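An overview of the molecular structure
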Amino acid sequence: MTARRPPLHAWGLMLLLLPMLAGAQRVSLRSNDSSELGIEVMSLRYDAGSGSNAYSRAGNKIGLMARFNQALADDWFWGGEARQSHGNIAYESTSRGNKGGNPDVLGELRLTGGKDYSVGSQLLAPYFGLGYRKLSSDLRGLTTTGDTGYRRHSQYVYLPLGVTHRIALGSQARLSTCVEYDLLLEGRQRFMLSDTNPSSDDPVSGQRRGYGLRMSSSYETDHWSLGFFVHVWRVGASDAARQSLGGTPGALVEEPRNRTSEAGVQLRLRFR
């Protein structure tokens, strides 16, 4: 099973629309009412464990995103964002061999709110909120050493704390840069061990220690924007969970300390 990608004519349509959408309307630095739809292309790498237990998952993804923002009284604002990307990733393990062509899905939902502060000719907009992130990897099949893989689902609930900086680039564009710290509130790892043994359950282990860092920068007009982003997660080892084999206690499983890195570009269209 391979990830479905947007057809090439969708890319062409968006590129053709840009000159028509880039009107002469003056761009405000304020957080105004708006809705956005976009495409993102990114690379992702997940590294976990160390020594003989080390493994990694890495590959490229393509996805869609949607975002809205609503201005409130006294320069306050709130908004939400959803994104989902798909791709095939390569699995490499020190002791369990390698396996390519593994479907991988990343999804994220966020709600944030904050306030605009003018600083001379620039603007600062600190914000906070609540985020949910899910990374699902399908490693079913055999590795180069004959090991059998299974699906894994990683879920984070986190508290984003960040600030957006905006500066005008003439009258029709602005540069918007965001820096954010994400505090992990709760993490869960689900190991789909029933993929390898029908009598097994799918144990879930919790994660309580970790944080994320995000940085993005975009060239924005009143109707479209183009920019890059970098996301990094560092999460401690999960709790040990006991596998059950038809009611009989099995092995303890856990997710070791891990790091996730994402880097990519986003093209967004803005509607008012």
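An account of the accompanying structure is given in this report.

Reading guide: rules and limits
- Residues numbered from 1 in each chain as written.
- Predicted model: local features only at pLDDT ≥ 70, side-chain atom pairs only at ≥ 80, totals over all residues.
- Heavy atoms only, no water.
- Core = buried A, V, L, I, M, F, W, Y, C linked by side-chain atoms within 4.5 Å.
- Buried < 20%, exposed > 50% of the residue type's maximum accessible area, 1.4 Å probe, protein only.
- Helix = DSSP H or I, 4+ residues; strand = E, 2+ residues; numbered from the N terminus.
- Salt bridge = Lys/Arg side-chain N within 4 Å of Asp/Glu carboxyl O.
- Polar contact = N/O pair within 3.5 Å; in protein donor to acceptor, adjacent residues only side chain to side chain.
- Contact = heavy atoms within 4.5 Å.

Turning to the nonpolar core, a few remarks are in order. One finds M42, L44, Y46, A48, Y55, I89, Y91, L106, L135, L139 and F229 forming the largest nonpolar core, which totals 11 residues. Mapped by element, the contributors of at least two residues to this core are strand 1 (34–48), strand 3 (76–93) and strand 6 (122–142). A per-element tally of this core places strand 1 first, with 4 residues.

Below, the discussion takes up the pattern of salt bridges. This structure, assessed with the given rule, holds 23 salt bridges. Of the charged contacts in the structure, one is a salt bridge between R110 and E81, with a shortest N-O distance of 3.9 Å. Taken together, the residues span a long stretch of sequence, with R110 in strand 4 (residues 97–115) and E81 in strand 3 at a distance of 29 residues. The exposure class of R110 is buried, given its relative accessible area of 9%. Note that E255 is salt-bridged to R152, the shortest N-O span being 3.5 Å. One end of the pair, E255, is in the loop between strand 13 (248–253) and strand 14 (258–271); the other, R152, is in strand 7 (residues 148–168), and 103 residues separate them in sequence. R152 carries the same exposure label as E255, and that label is buried.

Attention shifts here to the side chain of R174. Within the element layout of this structure, R174 appears in strand 8 (residues 174–192). For R174, a relative accessible area of 10% gives the class buried. Within the local environment of R174, its side chain forms a polar contact with the side chain of E220, the two groups lying 2.6 Å apart. Ignoring any residue separated from it by four or fewer positions in sequence, one finds R174 in contact with V27, S28, L29, R30, R166, I167, A168, L169, S218, Y219, E220 and R270.

You will see that D74, though not glycine, has its phi angle at about 60°, which is positive. Mapped onto the secondary structure, D74 falls in the loop between strand 2 (55–71) and strand 3. Positive phi, close to 70°, is recorded for D75, a residue that is not glycine. In this fold, D75 is placed in the loop between strand 2 and strand 3.

Now for the environment of T164. As for its placement among the helices and strands, T164 is situated in strand 7. Under the relative-accessibility criterion, T164 is labelled buried at 7%. Along the sequence, T164 and P126 sit 38 residues apart, while their C-alpha atoms lie 6.2 Å from each other. In contact with T164, other than residues within four places in its own chain, are L123, L124, A125, Y127, S176, T177 and C178.

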